[in-house]
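Observations on the model geometry
These are the residues of each chain, in order.
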Amino acid sequence: MAVLVGIYVIQGDAFDVVRDGKTFWVGTWTLYRSPAMNRTDWQFLTGGETSMTFATPALAVAAAEEEGVAFARLLQGDDGLEPMPWEAVPAVETYAPRRTFAGGRC
């Protein structure tokens, strides 16, 4: 699922990171806009990832969505915009962070 905040849709996801034999989760968020303002055709705008790791993918996704919602509010200049559940955007382009791995660990 995703959330609609004003004119933007935010979609959260999570990926796993293994450190010292333990699995942690990082959340990512992708922000889409509807250029035609019809709320059916969505275009990738930007994305980001959480600076913290989490114990479960659900916690990572929730944190990522919160960060994406905060960014959408900032873009629109309205802290009062409430997120509404929305259908996930088909994966045309999503945020994929680039990483450099050293010594087999990230």
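Refer to the structure presented above.
My aim in this report is to walk through the structure given alongside it, one point at a time. Bear in mind the structure is a predicted one, so any value in this text is a computation, not a measurement.

Rules used throughout
- Residues numbered from 1 in each chain as written.
- Predicted model: local features only at pLDDT ≥ 70, side-chain atom pairs only at ≥ 80, totals over all residues.
- Heavy atoms only, no water.
- Buried < 20%, exposed > 50% of the residue type's maximum accessible area, 1.4 Å probe, protein only.
- Helix = DSSP H or I, 4+ residues; strand = E, 2+ residues; numbered from the N terminus.
- Pairing = 2+ DSSP bridges.
- Core = buried A, V, L, I, M, F, W, Y, C linked by side-chain atoms within 4.5 Å.
- Contact = heavy atoms within 4.5 Å.

Attention shifts here to the pairing of strand 1 (residues 2–5). Burial of the side chains of strand 1 extends over both faces: Ala2 and Leu4 are buried on one face and Val3 and Val5 on the other. Bridge count for strand 1 against strand 5 (residues 84–86) is three bridges, and the pairing is antiparallel. Bridge pairing links valine 3 to proline 85 in strand 5. Looking at chain direction, strand 1 and strand 2 (residues 8–19) are connected through three bridges and run antiparallel. If you follow leucine 4 over to strand 2, its bridge partner there is valine 9.

A few words now on the pairing of strand 2. Note on strand geometry: in a regular strand, side chains alternate between the two faces of the sheet. Adjacent in sequence and paired antiparallel, strand 1 and strand 2 are bridged by two residues, among which glycine 6 carries a positive phi angle near 65°. For strand 2 and strand 3 (residues 22–33), the ladder comprises 12 bridges, and the chain directions are antiparallel. Its bridge partner being in strand 3, valine 9 is matched across the sheet by tyrosine 32. In sequence, strand 2 turns back onto strand 3 through a hairpin of two residues, with aspartate 20 there showing a positive phi of about 50°.

Looking now at the nonpolar core. Grouped burial of nonpolar side chains is what soluble globular proteins tend to show. In terms of nonpolar packing, the biggest core is built from 10 residues, these being Val3, Val5, Tyr8, Ile10, Trp29, Leu31, Ala64, Val69, Ala72 and Leu81. Counting residues per element, this core draws most heavily on helix 1 (residues 57–76), which supplies three residues. In this view, tyrosine 8 contacts Val3, Leu31, Tyr32, Arg33, Trp42, Leu45, Ala72, Leu75 and Gln76; residues no more than four positions away in its chain are not counted.

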